[in-house]
Amino acid sequence: FFFQAEDGIRDFCLSRGLGDVYKRQGISFHPTRPWILTSLHTGVIQLWDYRLGSLIEKFEEHEGPVRGVCFHKTQPLFVSAGDDYKIKGWNYKQKKCVFTLTGHLDYMRTVFFHDELPWIISSSDDQTIRIWNWQSRCLLGILTGHTHYVMCAPVSYTHLTLPTIYSVQISVVAVSFKQ
């Protein structure tokens, strides 16, 4: 099993709760399969079958730590974001990187797919949140105004009819926008 440690997500069985060789930076559960993605400080992304406890595949194209990973809800895709300032889109069936998005100016913290639109939302130490179209590979917008690293920016649907991106730095900021 995995647990959150001060310096990342750790695999208790492999690290025995002590070592830092297996530090995970990010984790994502597949929406229908018994799979999880873990991203490592070494730059490796691992795809695991959590029922069998076995490693299915490794993905290695980032230069440096990979801090965020996210499965797509319906497509055989996942995205990753790392300290190389890049978002990489992966097809897990083809076992390869299918696109790379660049634009952030500092380490990236998280990356998420929008549930309904072909968007990726990324957060970074450059104090911005960026919204990308993963189908056209275009940058759609940059949300500024943070005064510190943006640690997380997931999309949430509440009672509001508009999607909301919550960002976490020192304080929580909610940003709503029209489609």
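The text that follows walks through the structure, step by step, so that each part is easy to find. Bear in mind that the values here come from a model prediction, so they are computed numbers and not experimental data. (Residues numbered from 1 in each chain as written. Predicted model: local features only at pLDDT ≥ 70, side-chain atom pairs only at ≥ 80, totals over all residues. Heavy atoms only, no water.)

## Some thoughts on the overall build of the chain
Each helix and strand in the chain was counted, giving one helix and 17 strands. For the chain, buried positions account for 47% of its 179 residues. For the chain, long-range pairs separated by at least 24 residues make up 30% of all intrachain contacts whose partners lie at least 6 apart in sequence. Put simply, the chain shows about 9,300 Å² of open surface, and 53% of that area lies on carbon and sulfur atoms. (Helix = DSSP H or I, 4+ residues; strand = E, 2+ residues; numbered from the N terminus. Buried < 20%, exposed > 50% of the residue type's maximum accessible area, 1.4 Å probe, protein only. Contact = heavy atoms within 4.5 Å. Areas by Shrake-Rupley, 256 points an atom, 1.4 Å probe, with all protein chains shown as cover.)

## Some thoughts on the pattern of salt bridges
In the structure shown here, the tally under the stated rule is five salt bridges. Between Lys95 and Glu57 there is a salt bridge, and its shortest N-O distance comes to 3.5 Å. One end of the pair, Lys95, is in the loop between strand 9 (86–91) and strand 10 (96–102); the other, Glu57, is in strand 6 (residues 54–59), and 38 residues separate them in sequence. In this structure Glu57 comes out as partly exposed when scored by relative accessible area, which is 22%. Of the charged contacts in the structure, one is a salt bridge between Asp125 and Arg109, with a shortest N-O distance of 2.6 Å. Residue Asp125 is located in the loop between strand 12 (119–124) and strand 13 (129–133), and its partner Arg109 is located in strand 11 (residues 108–113); the two are separated by 16 residues in the primary sequence. The buried category is assigned to Asp125, whose relative accessible area is 5%. (Salt bridge = Lys/Arg side-chain N within 4 Å of Asp/Glu carboxyl O.)

## Points about unusual backbone geometry
Note on backbone geometry: most residues besides glycine have negative phi, and most peptide bonds are trans. With a phi angle near 70°, Tyr85 is a residue other than glycine that sits in the positive phi range. For Gln127, which is not a glycine, the phi torsion comes out positive at approximately 70°. Tracing the chain through its elements places Gln127 in the loop between strand 12 and strand 13.

## Topic: the pairing of strand 4 (residues 35–40)
The element strand 4 is largely enclosed, with a buried count of six among its six residues. Of the two faces of strand 4, the one carrying Trp35, Leu37 and Ser39 and the one carrying Ile36, Thr38 and Leu40 are both buried.

## Quick word on the packing of aromatic side chains
This structure, assessed with the given rule, holds nine aromatic pairs. Ring centres of Phe71 and Phe78 lie 6.3 Å apart, and the angle between their planes is 70°; on these two criteria the pair is classed as edge-to-face. By relative accessible area, which is 1% here, Phe78 ends up buried. Cluster of aromatic residues (ring-pair linked, three or more members): Trp35, Phe59, Phe71, Phe78, Trp90 and Tyr92. (Phe/Tyr/Trp six-rings, centres within 6.5 Å; stacked < 30°, edge-to-face > 60°.)

## Re the environment of Ser39
With respect to the helices and strands, Ser39 occurs in strand 4. What makes Ser39 buried here is its relative accessible area of 0%. As for Ser39 and Phe59, which are separated by 20 residues in sequence, their C-alpha atoms are 9.4 Å apart. Here Val66 takes part through its backbone oxygen, which lies 2.9 Å from a polar atom of the side chain of Ser39. (Polar contact = N/O pair within 3.5 Å; in protein donor to acceptor, adjacent residues only side chain to side chain.)

## Focus: the sheet that holds strand 10
In a beta sheet, neighbouring strands pair by backbone hydrogen bonds and run either parallel or antiparallel. The four strands lie next to each other as 7-8-9-10, forming an open sheet whose pairing is antiparallel. A strand with exactly one partner marks an edge of an open sheet, and here the two such strands are strand 7 (66–71) and strand 10. On average, each strand axis in the sheet is inclined to that of its neighbour by 20°, with strand direction left out of account. Sheet topology note: the strand 8 (residues 77–82)/strand 9 ladder contains five bridges and is antiparallel. Counted as the bridge partner of Leu77 is Asn91 from strand 9. (Pairing = 2+ DSSP bridges. Axes fitted to C-alpha atoms, helices over the stretch in contact; angles between N-to-C directions.)

## Quick look at the side chain of His62
The topology assignment puts His62 in the loop between strand 6 and strand 7. Side-chain polar atoms of His62 contact the side chain of Ser80, separated by 2.7 Å. Polar contacts involving the side chain of His62 include one to the side chain of Asp84, which spans 3.0 Å.

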